[in-house]
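So you can see what is in the structure, the chains are spelled out below.
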Amino acid sequence: MADSAIAAETKPWRSGTAEPFIRIQNISKIFGDFTAVDDVSLDIYKGELFCLLGGSGCGKSTLLRMLAGFETPTQGSITIDGQNVAGVPASERPTNMMFQSYALFPHMSVEKNVAYGLLREGVPKEQAMARTAEMLNLVKLGNFAKRKPHQLSGGQQQRVALARALIKQPKLLLLDEPLGALDKKLREETQFELIRIQESLGVTFIVVTHDQEEAMTLSTRIGVMNEGKIVQVGEPEEIYEHPNSRFVADFIGTVNLFQGRVDVVAPNEMRITGTEAGDLITKPIEGLSAKQTVSLALRPERISISREATSAANCIPGFVEEVAYLGNLSIYRVNIASGKTIKVTLSNLDIEGEPITWHEDVFLSWNAGSGVVLTT
Amino acid sequence: MSLSDTQNGRTASLLRKMGFSGRGLVIAVPTLWLLVFFLIPFLVVLKISVAEPLIARPPYSPLFVEGPDGWSIKATLSNYAYLLEDSLYIKAYWSSIKIAFFSTILTLLVGYPMAYYIARSQEPKRSLLLLLIVLPFWTSFLLRVYAWIGILKANGTLNGLLISLGIINEPLIILQTDIAVYIGVVYTYLPFMILPLYANLVKLDGSLLEASADLGASPISTFFRITLPLSLPGIIAGSMLVFIPVIGEYVIPALLGGPDTLMIGKVLWTEFFNNRDWPVASAVAIAMLIAVVVPVMFLRMAQTKAEENA
Ligand SMILES: Nc1ncnc2c1ncn2[C@@H]1O[C@H](COP(=O)(O)OP(=O)(O)O)[C@@H](O)[C@H]1O
Ligand SMILES: [Mg+2]
């Protein structure tokens with residue numbers, strides 16, 4: 001079935017020499033005087049599960065719809081497996097789409113919905129039905145073949161939509177918010193189900209989502225979008241640990257941002273002055289000029305919290321305003337002298353002795369390498 | 001509790017004792033309406049249809065007769081038997097159903113693309129088009145049908161136009177033929193087809209059509225497999241609104257049709273006003289009602305089924 005080596009393991013984008021499977025080059029889409037997608041270029045490799053992540057209205061669906069052939073790009077070109085798809089109608093593209101609303105045909109049974117693509121292609125009925133049965137088993141709906149869509153739960157409808165979109169074995173499957181309509185628990189289970197199916201079929205997936213946790217769980221790589229532009233592309237860990245802008249740092253997970261000016265740059269250390277937490281010591285980055293405004297992005301779990309001062313590169317006093325106990329971890333909201341609230345998370349396994357609680361005076365410490373310096 | 005509240009409470013409990021619940025009252029209004037404006041007239045017509053014609057006022061025999069040994073019912077089915085004897089009636093029924101059937105199909109063929117186009121267009125164009133569809137209702141129906149005489153007659157607008165364009169040399173004989181009746185019916189009943197179709201098509205989810213295209217269906221295939229089946233409830237609703245009144249249509253065949261245009265509405269008119277044979281006319285009306293109810297019941301059943309699917 002699948003290539004023995006799957007993209008999630010071989011990570012072809014790291015090599016720099018691998019041939020991309022889908023090339024999106026300088027694509028723009030303008031509606032009237034509104035630019036929905038703005039000069040996007042993106043390479044996606046065979047067998048990837050690529051997530052387009054961004055807030056509502058940032059152009060994710062529009063980009064996906066241009067790949068499917070429902071919208072014509074105002075500019076730019078799309079190549080799928082070496083074929084430039086400009087002017088190729090949706091019905092003849094080697095792509096299939098799973099719609100946000102599922103778009104199941106309400107007057108057809110589950111089985112007829114799933115077989116639809118094969119029958120339109122002219123596959124003989126018997127063969128089409130056999131493959132439909134196979135596909136329904138893959139999505140664990142074997143017993144529901146004769147039902148109508150409205151007789152199914154949301155999760156079951158979602159799987160019918162997935163089966164229908166996969167049955168023609170497209171080179172590229174486009175999924176628009178595939179889990180958006182499911183409740184939280186079902187969504188988490190379905191994420192792993194989606195990965196299982198994607199890896200067993202070896203189809204390249206592009207998934208649109210506004211949920212950063214979902215993107216982190218699912219994807220081989222994430223493309224973060226903002227106002228029609230791709231602002232960063234990378235593996236989930238890379239995006240989380242090394243965001244390239246305040247926007248990405250803020251969008252993915254929780255972050256504490258400190259803005260200040262570059263003061264002293266030494267080979268191993270750099271000082272940022274004038275932040276709301278005073279002067280901060282960080283690792284230097286290249287290409288900075290003196291007095292340049294920069295931001296330090298610091299993840300809550302990178303900060304440690306203690307009753308006594310420490311010798312860490314950064315150590316500032318604070319006052320615990322609030323503690324939220326989440327079972328596996330605790331979230332502290334700590335006020336510092338400037339009035340800024342800093343979020344700190346602590347794994348409850350790491351807590352020794354009497355845990356720190358509300359209204360205690362504490363010290364927050366972190367190392368020079370704990371944060372990321374951002375120029376934009 | 002104020003006095004009027006107590007009173008209301010009493011009225012309510014009284015009504016409840018009489019078998020009326022709140023829900024019952026809601027249903028009671030249309031029930032009463034049907035009783036007064038449909039069932040009672042229907043019973044009156046039914047009564048007349050089993051009477052014998054008389055030269056009197058009213059021109060038929062009474063149903064209940066007082067004889068030497070009390071009241072008795074005097075009814076006859078001879079009027080119905082007469083409908084079967086004289087082939088005129090069967091022909092008229094058949095011809096009415098035929099004309100209604102073909103005009104429904106024609107109206108559907110003309111109305112569907114129009115409804116589809118309106119449903120797919122954007123505001124404010126959509127509202128404007130809908131307004132244009134209902135605009136003809138603002139002038140008298142009789143006048144509008146009358147205007148078609150001017151258009152269709154031998155030296156009328158249409159023939160004048162075609163001759164001046166050199167398309168024909170001799171005027172076409174359209175007026176006083178079945179073709180003129182079809183034109184008049186399609187023209188008059190088009191809004192009744194378009195509006196329910198529009199109401200249905202405007203709800204059609206565009207992503208279904210995209211999904212169909214995405215799975216490899218051509219636009220024609222998408223139309224026949226997705227759009228058409230999903231608009232079936234609209235098609236049936238529109239067809240009933242056209243088919244039923246056209247069967248009994250009188251004005252259009254009287255004004256535009258010829259002496260050969262046989263429709264039950266015209267026959268009914270002749271029996272009532274020319275022959276003054278009220279019992280036979282009533283029998284014609286009852287038979288027509290039955291002739292309409294049966295096909296309509298089938299259509300209703302089809303509609304319920306189509307709605308369940310959609
Ligand atoms: N057909 C269209 N005409 C005009 N504007 C559109 C159209 N489709 C999308 N847009 C606009 O483009 C922007 C991006 O839309 P979309 O790609 O659906 O966003 P997302 O999926 O990221 O939420 C939105 O502001 C939306 O209003
Ligand atoms: Mg969207």
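Just so we're clear, the structure is a prediction, and the values are computed from it rather than from any experiment.

The rules we used
Residues numbered from 1 in each chain as written. Chains lettered and ligands numbered in written order. Predicted model: local features only at pLDDT ≥ 70, side-chain atom pairs only at ≥ 80, totals over all residues. Heavy atoms only, no water. Helix = DSSP H or I, 4+ residues; strand = E, 2+ residues; numbered from the N terminus. Rg over C-alpha atoms; globule rule 2.2 N^0.38 Å. Buried < 20%, exposed > 50% of the residue type's maximum accessible area, 1.4 Å probe, protein only. Contact = heavy atoms within 4.5 Å. Lys, Arg positive; Asp, Glu negative; His and termini not counted. Charge placed at Lys NZ, Arg CZ, Asp CG, Glu CD. Salt bridge = Lys/Arg side-chain N within 4 Å of Asp/Glu carboxyl O. Buried area = accessible area lost by both parts, 1.4 Å probe. Polar contact = N/O pair within 3.5 Å; in protein donor to acceptor, adjacent residues only side chain to side chain. Pairing = 2+ DSSP bridges. Axes fitted to C-alpha atoms, helices over the stretch in contact; angles between N-to-C directions. Near = heavy atom within 4 Å. Areas by Shrake-Rupley, 256 points an atom, 1.4 Å probe, with all protein chains shown as cover.

1. Details of the overall build of chain B
Then comes step 1: Along its length, chain B carries 14 helices and 2 strands.
Then comes step 2: Scaling as 2.2 N^0.38, a compact globule of 310 residues should have a C-alpha radius of gyration of about 19 Å, whereas chain B reaches 26 Å, well beyond that.
Then comes step 3: Projecting the C-alpha coordinates of chain B onto the three principal axes gives extents of approximately 80 × 70 × 40 Å.
Then comes step 4: Looking at chain B as a whole, 36% of its 310 residues qualify as buried.
Then comes step 5: Considering only contacts within chain B whose residues lie at least 6 apart along the sequence, 69% involve residues at least 24 apart.
Then comes step 6: Treating the 20 positive side-chain charges of chain B as one cloud and the 18 negative ones as another, the clouds have centres 7 Å apart.

2. Some details on the pattern of salt bridges
Residue and element names in this part refer to chain A.
Then comes step 1: Evaluation of the coordinates by the stated rule reveals 20 salt bridges over all chains.
Then comes step 2: Among the salt bridges present, the one from Glu235 reaches Arg14, with a minimum N-O distance of 2.7 Å. With Glu235 in the loop between strand S10 (229-234) and helix H8 (236-241) and Arg14 in the loop between helix H1 (7-10) and strand S1 (22-31), this pair connects stretches of sequence that are 221 residues apart.
Then comes step 3: Judged by its relative accessible area of 11%, Glu235 is buried.
Then comes step 4: The exposure class of Arg14 is exposed, given its relative accessible area of 57%.
Then comes step 5: The shortest N-O distance in the salt bridge between Glu48 and Arg221 comes to 2.8 Å.

3. Structural notes on the interface of chain B and chain A
Then comes step 1: At the interface, 20 residues of chain B touch 23 residues of chain A.
Then comes step 2: Of the roughly 1800 Å² buried at the junction of chain B and chain A (both faces included), carbon and sulfur atoms supply 58%.
Then comes step 3: Remark: the boundary between chain B and chain A carries 1 salt bridge.
Then comes step 4: Between Arg65 of chain A and Glu210 of chain B there is a salt bridge, with the nearest N and O atoms lying 2.7 Å from each other.
Then comes step 5: Inspection of the chain B/chain A interface yields 8 residue pairs in polar contact (both at pLDDT 80 or more).

4. Digging into the sheet that holds S10 of chain A
Residues and elements named next belong to chain A.
Then comes step 1: Pairing in this open sheet of 6 strands is mixed, and the strands run S6-S7-S8-S3-S9-S10 from one edge to the other. Of all the strands in the sheet, the pair left with one neighbour each is strand S6 (95-98) and S10. Averaged over all pairs of adjacent strands, the angle between strand axes in this sheet comes to 20°, irrespective of strand direction.
Then comes step 2: The pairing of strand S3 (residues 49-54) with strand S8 (residues 204-209) spans 5 bridges and is classified as parallel. By the bridge assignment, Phe50 is partnered in S8 with Ile206.

5. Observations concerning the site of ligand 1
Residues and elements named next belong to chain A.
Then comes step 1: Residues in close proximity to ligand 1 include Phe31, Phe34, Ala36, Gly55, Ser56, Gly57, Cys58, Gly59, Lys60, Ser61 and Thr62, which together make up its full environment.
Then comes step 2: The separation between an oxygen atom of ligand 1 and a polar main-chain atom of Cys58 is 3.2 Å.
Then comes step 3: For ligand 1, an oxygen atom lies 2.6 Å from a polar atom in the side chain of Ser61.
Then comes step 4: Protein burial of ligand 1: of its 560 Å² of free accessible surface, 58% is covered by the chains.

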